[in-house]
Amino acid sequence: MRHESVWPAAFQLVAKTDVPALTGPCLRAARQTVTFQEKVSHTWQIKMECEWKPDEQGLQQILQLLKESQSPDTSTQRSVQQRLEQLNQYPDFNNYLIFVLTKLKSEDEPTRSLSGLILKNNVKAHYQNFPNGVSDFIKSECLQNIGDSSPLIRATVGILITTIASKGELQNWPELLPKLCLLLDSEDYNTCEGAFGALQKICEDSAEILDSDMLDRPLNIMIPKFLQFFKHSSPKIRSHAIACVNQFIISRTQALMLHIDPFIENLFALAADEEPEVRKNVCRALVMLLEVRMDRLLPHMHNIIEYMLQRTQDQDENVALEACEFWLTLAEQPVCKDVLCGHLSQLTPVLVNGMKYSEIDIILLKGDIEEDEAIPDNEQDIRPRFHRSRTVAQQHEGDGIEDEEDDDDDELDDDDTISDWNLRKCSAAALDVLANVFRDDLLLHILPLLKELLFHPEWVIKESGILVLGAIAEGCMQGMIPYLPELIPHLIQCLSDKKALVRSITCWTLSRYAHWVVSQPPDIHLKPLMTELLKRILDSNKRVQEAACSAFATLEEEACTELVPYLAYILDTLVFAFSKYQHKNLLILYDAIGTLADSVGHHLNKPEYIQMLMPPLIQKWNQLKDEDKDLFPLLECLSSVATALQSGFLPYCEPVYQRCVNLVQKTLAQAMLHQSQPDQYEAPDKDFMIVALDLLSGLAEGLGGNIEQLVARSNILTLMYQCMQDKMPEVRQSSFALLGDLTKACFQHVKPCVGPEMQPYIAMVLHQLVEIINRPNTPKTLLENTAITIGRLGYVCPQEVAPMLQQFIRPWCTSLRNIRDNEEKDSAFRGICTMISVNPGGVVQDFIFFCDAVASWVNPKDDLRDMFYKILHGFKDQVGEENWRRFSDQFPMPLKERLATFYGV
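Residues numbered from 1 in each chain as written. Predicted model: local features only at pLDDT ≥ 70, side-chain atom pairs only at ≥ 80, totals over all residues. Heavy atoms only, no water.

S.K.: Give me the lowdown on the overall build of the protein, citing residues and values where you can.
M.R.: Assigned secondary structure in the protein consists of 51 helices and 0 strands. Counting only residues that meet the buried cut, the protein has 53% of its 905 residues in that class. Taking all contacts inside the protein whose residues are at least 6 apart in sequence as the whole, residues at least 24 apart take part in 74%. Summing over all exposed atoms, the protein offers an accessible surface of approximately 41700 Å²; the carbon and sulfur share of this is 52%. (Helix = DSSP H or I, 4+ residues; strand = E, 2+ residues; numbered from the N terminus. Buried < 20%, exposed > 50% of the residue type's maximum accessible area, 1.4 Å probe, protein only. Contact = heavy atoms within 4.5 Å. Areas by Shrake-Rupley, 256 points an atom, 1.4 Å probe, with all protein chains shown as cover.)

Here's what the structure looks like:
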């Protein structure tokens, strides 16, 4: 029986909504009500009696399509893609794809494999819409052909199986795992390898569900089964077996923990396997076991370290890389110092050796091309960049508050055109973390090597020495100080090296020592370093430009106002770079300008500087469309510039303000459309909204009261209220930050939207704030913000807040003692003093903490100093001279002296 064709005319294929086409006995069999297991056996019976057959003409046209899709021509590929999407409307199309993959042995393997990969994509996108017959046919074909004689076809079938399994089908395909495990025992190598390949992919993709009650815990059978194959004669099978078990180490899967000893014994037995893939998987297992079962490895640690030293030098770089991860992981373990100290003399040269560029690295990095500034960037090389929200941390500059995702350790974006993670980077990262563990003890082993490397005539070796010097900077800084007066000038010379890769790594290494450079008199190192780095910012090599720009941003953060005398020279260079840079480095240049503005602040607000800096920024601003993601770094940069320039930004503020409001409005509108009609409208990229809100915050902070008219003429408060209810935390964070800045800048516009005074809400928020300030492991900036908020609430409503003083006074004092004198700290301390005057008993038990917090002030305003004086003397008078003496004897000497000097107590 043939159905009428419902395929488009171009593809005269036979459409079948079920497989196989059911007639006679088949039809009767299919009509019966059956359980799933019975259905499986019926499918097999039916398959034998009436196999699904493709229409020959349709098959030829699909083969033609598969051939065309391998064409390098993009327009051909686009046309093929459209036709494939049309064909997806016909369920039978997927039967043809599996048929080509598994049955059409006359076809070449790449075409058959491609057919399977297209089917895999269809499964990913539309599997829930496949009719039962189609999905059953695909499943049975997969299981029948997992042992295909071609490794490529076996692998493709395996990928298809795991994709079906990951669509929730492990529950609906109960015979899959037993069948694959059964096939492992096949005498036929292809069948065993194919089944293992599929199982490895399933273990990678579905590890969590395999260890759940939902499937009746199949791992209790599978893991002992896998362990049997560690000694198989085929290296490929051994490798699959370890890879399967490795998926369950980190999650401490119970089925594996029960067999942990035989697992480790088997790993040791395979340590010297001749197959690189096996050695790689052994190394990977040992690295993970370090994290979860150190107790089992500790008795063997000496031998394991010796083994990993060998493997880190393995001829196969993938094995060496996997082994090198061991040192990174070991450095995080408390036992690291004890177990590794005796091996440092062997390990250090191994890691240093791994930090050299390999020949293939240099080819991939185009290390022989010295001048490439005129070559446009390949857009695919520019990584997607995500906006980082302004946080209060930035506003506390100088408090030692750091961005938790500080990535200046990353030489490490220096090689980003080759594989993100390689032996060189892993070795450098390992040396970095070990330097932090062993500190100056590591220098005993590093310094003799460094002398040889840094002055080596071969550039590759010299370059690796400069990387070593940068890698140890953080951990070994104290021990390196005696050598820096000689090393820093040498490195500054290396900035002019004829090899671009030497110049770029030198930029990074110098940035790692920027803190020390800035601590010396400026003429000695800062001035020559700045002069040379600015030359490198205008280098003729793009990699060097990028490294110099990043290094200069680090120097700006360290030097802050030390750079003020050189501002004209710095701006001259950075502005010239605008005309010179290709796309990718332009994005880094914005960051360097924004960091400069953050670092020198209002010193940037001079007509001549504004005249240099603003025209190129505004030109870029006008060039970029609202949907261009290059707006992110530009808006972040402008936010810093607006804050620094203050009133100097006034001539530019109106178009900038208006565009930010429009970006927020457009994003919110798009989000509403997507919510109501998700099929028709794409979800917006909310980073546009976040970055716009942050720039508005920068404007409010910089312009202060001057922003009032702009706010009056716009609907920003309505938009901000919508943003505060957004699902995305970063949107809410930025909108609340803007509310704070607008409240300071133009409260008259905020007040009508806020409603009644604060008093009725105190009870509602105070309990939450007290809970946060007492919570263990609260991030530092959150503690500081919470303490400032409690202080300010207590300032305006002391009667309501003061009764709870005893519950928060200790963490309040400890969280604010470390921030430097500023307006926020001032308002918070006025609040605490007002609350103490209302409820002096609330501070008695923790008065020493209050004394310490008061002593953290360098220069309080006179009226605040009076408040401190009255509270300290009031307490002293209350307890009497003798008790006060006993009490103050507990003080550390610096605190005692400071209170005596400033407050006479």
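From this point, the discussion proceeds with the structure in view.
S.K.: Any chance you could break down the pattern of salt bridges for me, citing the residues and the numbers?
M.R.: Counted according to the given criterion, the structure contains 49 salt bridges. Notably, a salt bridge pairs Arg217 with Asp213, separated by 3.0 Å at the nearest N-O pair. For Arg217, a relative accessible area of 30% gives the class partly exposed. A salt bridge links Arg503 to Asp539; the nearest nitrogen and oxygen atoms lie 2.9 Å apart. Taken together, the residues Arg503 in helix H29 (residues 500-512) and Asp539 in the loop between helix H31 (526-537) and helix H32 (542-559) connect sequence positions 36 residues apart. Across the pair, Asp539 and Arg503 agree in class, each one buried. Look at the salt bridges and you will find they share partners, linking Arg503, Glu532, Lys535, Arg536 and Asp539 into a network. (Salt bridge = Lys/Arg side-chain N within 4 Å of Asp/Glu carboxyl O.)

S.K.: Go over the environment of Ser166 with me, naming the residues and quoting the values.
M.R.: The residue Ser166 is located in helix H8 (residues 151-172) in this model. Ser166 sits 42 residues away from Lys124 along the chain, and the two C-alpha atoms are 8.9 Å apart. There is a polar contact of 2.9 Å between the side chain of Ser166 and the backbone oxygen of Thr163. (Polar contact = N/O pair within 3.5 Å; in protein donor to acceptor, adjacent residues only side chain to side chain.)

S.K.: Talk me through the packing of helix H35 (residues 607-623) against helix H37 (residues 650-676); I want residue IDs and the actual numbers.
M.R.: At a minimum axis distance of 12 Å, the contact between H35 and H37 shows a crossing angle of 30°. With respect to their mutual orientation, H35 and H37 come out roughly parallel. For the pair H35 and H37, the crossing hand works out as left-handed. In this structure, H35 uses Ile610, Met614, Ile618 and Trp621 to contact H37, whose residues at the interface are Tyr652, Pro655, Val656 and Arg659. For the contact of H35 with H37, the class distribution of residues is 7 nonpolar, no polar and 1 charged. (Axes fitted to C-alpha atoms, helices over the stretch in contact; angles between N-to-C directions. Parallel < 35°, antiparallel > 145°, perpendicular 65-115°, else oblique. Left-handed = near helix turned anticlockwise from the far one by under 90°. Nonpolar A, V, L, I, M, F, W, Y, C, P; charged D, E, K, R; others polar.)

S.K.: Describe unusual backbone geometry, and please don't skip the residues or the numbers.
M.R.: Despite not being glycine, Arg217 shows a phi value in the positive range, around 50°. Locating Arg217 in the fold gives a position in the loop between helix H11 (207-210) and helix H12 (219-228). We note that Gln646 has phi near 50°; this positive angle belongs to a residue other than glycine.

S.K.: Describe the side chain of Lys120, listing the residues and the values that go with them.
M.R.: Note that Lys120 resides in helix H6 (residues 109-126). Buried charged residue Lys120 carries no salt bridge. Nearest counter-charge: Asp205, at 9.1 Å. Not counting the four nearest positions on each side in its chain, Lys120 is found in contact with Ile159, Leu160 and Thr163. (Lys, Arg positive; Asp, Glu negative; His and termini not counted.)

S.K.: Hey, could you go over a nonpolar patch on the surface for me, with residue numbers and the actual values?
M.R.: A surface patch of nonpolar side chains, about 560 Å² in accessible area, is lined by Met758, Tyr761, Met764, Val765, Tyr795 and Val796. Mapped onto the nonpolar patch, the elements with two or more residues apiece are helix H43 (762-774) and helix H44 (780-796). Within the secondary structure, Tyr761 is located in the loop between helix H42 (747-754) and H43. Note on Tyr761: relative accessible area 33%, which makes it partly exposed. (Patch = residues over 30% accessible without salt bridge, like charges linked within 9 Å, V, L, I, M, F, W, Y side chains within 5 Å.)

S.K.: Could you give an account of helix H36 (residues 631-645), with specific residues and numbers?
M.R.: With 15 residues, H36 extends 20 Å from end C-alpha to end C-alpha; this agrees with the ideal 21 Å at 1.5 Å per step. The element H36 is largely enclosed, with a buried count of 14 among its 15 residues. Within two residues after H36, Gln646 carries a phi angle of roughly 50°, on the positive side. (Expected span 1.5 Å × (residues − 1).)

S.K.: How would you sum up helix H34 (residues 583-600)? Please name residues and give values.
M.R.: With 18 residues, H34 extends 27 Å between its outermost C-alpha atoms, agreeing within 8% with the 26 Å of an ideal straight helix rising 1.5 Å per residue. In terms of burial, H34 is a largely internal element, 15 of the 18 residues being buried.

S.K.: Can you lay out the packing of aromatic side chains for me, pointing to particular residues and giving the numbers?
M.R.: Going through the model one piece at a time under the given rule, you end up with 23 aromatic pairs. On the numbers, 5.3 Å between centres and 50° between planes, the contact of Tyr127 with Phe130 is tilted. As far as burial versus exposure is concerned, Tyr127 and Phe130 are alike and both buried. Measuring from centroid to centroid gives 5.9 Å for Phe829 and Phe868, while their planes differ by 80°, and the two rings are edge-to-face. Of this pair, Phe829 sits in helix H47 (residues 823-838) while Phe868 sits in helix H49 (residues 862-879), and the two are 39 residues apart along the sequence. Across this residue pair, the class does not change: Phe829 and Phe868 are buried. Grouping aromatic residues by their ring pairs yields a cluster made of Trp812, Phe829, Phe847, Phe850, Trp857, Phe868, Phe875, Trp884, Phe887, Phe891, Phe902 and Tyr903. We note Arg424 situated over the ring of Tyr357; from NZ or CZ to the ring centre the distance is 3.7 Å. (Phe/Tyr/Trp six-rings, centres within 6.5 Å; stacked < 30°, edge-to-face > 60°. Lys NZ or Arg CZ within 6 Å of the ring centre and 35° of its normal.)

S.K.: Would you mind going over a negative patch on the surface in detail, with residue names and values included?
M.R.: Where like charges cluster on the molecular surface, the negative patch consists of Glu557, Glu558, Asp591 and Asp598. For Asp591, the location among the structural elements is in helix H34. (Charge placed at Lys NZ, Arg CZ, Asp CG, Glu CD.)

S.K.: Any details on the nonpolar core? Residues and values, ideally.
M.R.: Phe263, Trp327, Ile472, Phe649, Leu699 and Ile707 are the most contacted members of the largest nonpolar core, which totals 242 residues. Among the elements that make up this core, the one with the highest residue count is helix H38 (residues 687-703) (11 residues). Filtering out sequence-adjacent residues up to four positions away, Phe649 remains in contact with Met614, Leu638, Val641, Ala642, Val656, Leu699 and Leu703. Counting residues in hydrophobic clusters, the runner-up holds 46 residues, among them Leu805, Ile809, Cys833 and Phe847. (Core = buried A, V, L, I, M, F, W, Y, C linked by side-chain atoms within 4.5 Å.)

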